[in-house]
Amino acid sequence: MSQLTQPVENRRKELIDKLVIMGVYKHGEKHLFELSLRELEYKYRRVKSNCHPHSQTGSIRWVGKKINV
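The structure contained in this document is the topic of the report that follows. From a predicted model like this one, the values you see are computed outputs, not experimental measurements. (Residues numbered from 1 in each chain as written. Predicted model: local features only at pLDDT ≥ 70, side-chain atom pairs only at ≥ 80, totals over all residues. Heavy atoms only, no water.)

Quick look at helix α2 (residues 37–50)
The α-helix advances 3.6 residues per turn, and as a result positions three or four apart in sequence lie on the same side. Along its 14 residues, α2 runs 20 Å from first to last C-alpha, staying within 8% of the 20 Å computed at 1.5 Å per residue. All buried positions along α2 are accounted for by L40, E41, K43, Y44 and V47. Buried residues of α2 fall within an arc of 165° about the axis and therefore sit on the same side. Set apart from the buried face of α2 by more than 90 degrees, the exposed residues are R38, R45, S49 and N50. Contacts made by the buried residues of α2 are with α1 (5–21) and β1 (26–27). (Helix = DSSP H or I, 4+ residues; strand = E, 2+ residues; numbered from the N terminus. Expected span 1.5 Å × (residues − 1). Buried < 20%, exposed > 50% of the residue type's maximum accessible area, 1.4 Å probe, protein only. Arc of directions from axis to C-beta. Contact = heavy atoms within 4.5 Å.)

Thoughts on the packing of α1 against α2
Running from N to C, α1 and α2 cross one another at 30°; their axes reach a closest spacing of 10 Å. As judged from the angle between their axes, α1 and α2 are roughly parallel. When you trace α1 past α2, the crossing you get is left-handed. Along its contact with α1, which presents V8, R11, R12, L15, I16, K18 and L19, the element α2 presents L37, L40, E41, K43, Y44 and V47. Residue composition of the contact of α1 with α2, grouped by class: eight nonpolar, no polar and five charged. (Axes fitted to C-alpha atoms, helices over the stretch in contact; angles between N-to-C directions. Parallel < 35°, antiparallel > 145°, perpendicular 65-115°, else oblique. Left-handed = near helix turned anticlockwise from the far one by under 90°. Nonpolar A, V, L, I, M, F, W, Y, C, P; charged D, E, K, R; others polar.)

See below:
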C-alpha cells in the first residue's frame, strides 16, 4: 500500500460521512462509496454551497438561554 493511499481513503471516508449526514446517499446512479475522491469533493462542495447556513447541518442552537431586553 502506498503512502498516499491511506490519507486518500481517510478523506474519502470523511466526505462520505459528511454527505450522509447531509442526507446524500447517491450521485446519479452511483453510491457514494463508488465515487473517486475528486467526485466526492465536487459533490460535497455542491451540496454545501446549496445548504442554508442555518439548516440542521451547521447551525448554532441556543438551548435554555433567555434573552433579557
